[in-house]
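Single-letter residue listing:
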Amino acid sequence: MERRVISMDRDPRREQFQLFSGYTFPYAGVTVQLDVTALELRLRAEHKPVFLTMLYVIHRAVNRVPELRRRIEDGQVVEYDECPVSFTELKPDGSYAYCRMETARIPYEDYIAMGRQQQAAARQGGTIETDRQAESPCIFASCLPWLNYTALTHPACTPADSNVRGSWGQLFMRCGMTQLSVSIQVHHALADGWHIARFYRALLIFYNLQFSGVAGRSFHDLSAIVQCAYFTMYLPA
């Protein structure tokens, strides 16, 4: 994992960075309800975990957007070439522990197997102790499988906390489709609605590549038009 320093004095978003860096709560978040009918049917048939599957596609989609790989560290902006994901695992006593997956640049089956190992270890003796410096590049991921929600706000330790947060809720039925609420929260000094939209486009492309019978297609093959439940996003690659 490598990083480079970004000179915000020459960055197109330098004014936004200066403005939102001074906010007490400098975060922007969106929740979108996605049609995951194909995913739910396939995972049920193959006995695959919904949680780790969503973690895989979200991990890949966040890394697809350069601005979502940026972090504020010691007063400067850095951009990582790839961000790991830190996620929560529920323990038998009702508390939870943190797990970490270093990369999503591996096949789906390998990712699921590694994720299951991480979950098992966390349930047995995991903690929430972290090294703030080591977790700076992380994407923070969590799930509320008990709720179908329409908005979600995450805590942040300081206004400079710039880790991207991704979450999803309970599978639910609507209009004959299986749907799922997926949320993302970003630091507004580093990203805005345009980058959030690019994340959802990437998420849906990776979803379709993996689960909708287009495995032979490439990311760019599907990047012109992405359909999501009630709307279509036309975005450049």
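Before any of the text, the structure's been laid out above.
Residues numbered from 1 in each chain as written. Predicted model: local features only at pLDDT ≥ 70, side-chain atom pairs only at ≥ 80, totals over all residues. Heavy atoms only, no water.

### Regarding the packing of aromatic side chains
Aromatic ring pairs: the centre-centre distance and the angle between the two ring planes describe each pair. This is how it is decided: By convention, a stacked pair of Phe, Tyr or Trp rings (six-membered ring in the case of Trp) has centres within 6.5 Å and planes under 30 degrees apart, an edge-to-face pair has planes over 60 apart, and any other such pair is tilted. Between buried and exposed lies partly exposed: a residue is buried under 20% and exposed over 50% of the maximum accessible area for its type, with that area taken using a 1.4 Å probe on protein chains only.
Within the structure shown, the criterion is met by eight aromatic pairs. Centroid distance Phe 199 to Tyr 200: 4.9 Å. Interplanar angle 65°. Geometry classified as edge-to-face. One exposure class covers both Phe 199 and Tyr 200, and it is buried. Through successive ring pairs, a cluster of aromatic residues spans Phe 51, Phe 87 and Trp 168.

### Considerations on the side chain of Ser 167
Quick reminder of the rule: Think of it this way: any DSSP run of H or I at least four residues long counts as a helix, any run of E at least two long counts as a strand, and we number them from the N terminus. Here a polar contact is taken to be a pair of N or O atoms separated by no more than 3.5 Å, where protein atoms must pair a possible hydrogen donor with a possible acceptor and residues adjacent in sequence count only if both atoms sit in side chains. Should any heavy atoms of two residues lie within 4.5 Å, those residues are considered in contact.
Counting through the fold element by element, Ser 167 comes out in strand β8 (residues 165-168). In terms of polar contacts, Ser 167 uses its side chain to reach the side chain of Ser 142, at 3.0 Å. Those residues within four positions of Ser 167 in sequence are excluded, and the remaining contacts are Ser 142, Tyr 149, Leu 152, His 154, Ser 181, Val 182 and Ser 183.

### Examining the state of the cysteines
Disulfide: a covalent bond formed between the sulfur atoms of two cysteine residues. The following threshold applies: Here, the term disulfide refers to a pair of cysteine sulfur atoms separated by no more than 2.5 Å.
Applying the stated criterion across every chain yields a total of zero disulfides. Cys 138 supplies the cysteine sulfur nearest to Cys 83, a cysteine that is in no disulfide, at a spacing of 8.0 Å.

### Quick notes on the pattern of salt bridges
How we decide: Any Lys or Arg side-chain nitrogen found within 4 Å of a carboxyl oxygen on Asp or Glu counts as a salt bridge.
Across all of its chains, the model carries 15 salt bridges by this definition. One salt bridge connects Glu 46 with Lys 48, and the closest N-O pair in it is separated by 3.6 Å. On the accessibility criterion, Glu 46 (36% relative accessible area) is partly exposed. Taken together, the shared-partner salt bridges in this structure form one network comprising Arg 4, Asp 11, Arg 69, Arg 70 and Glu 79.

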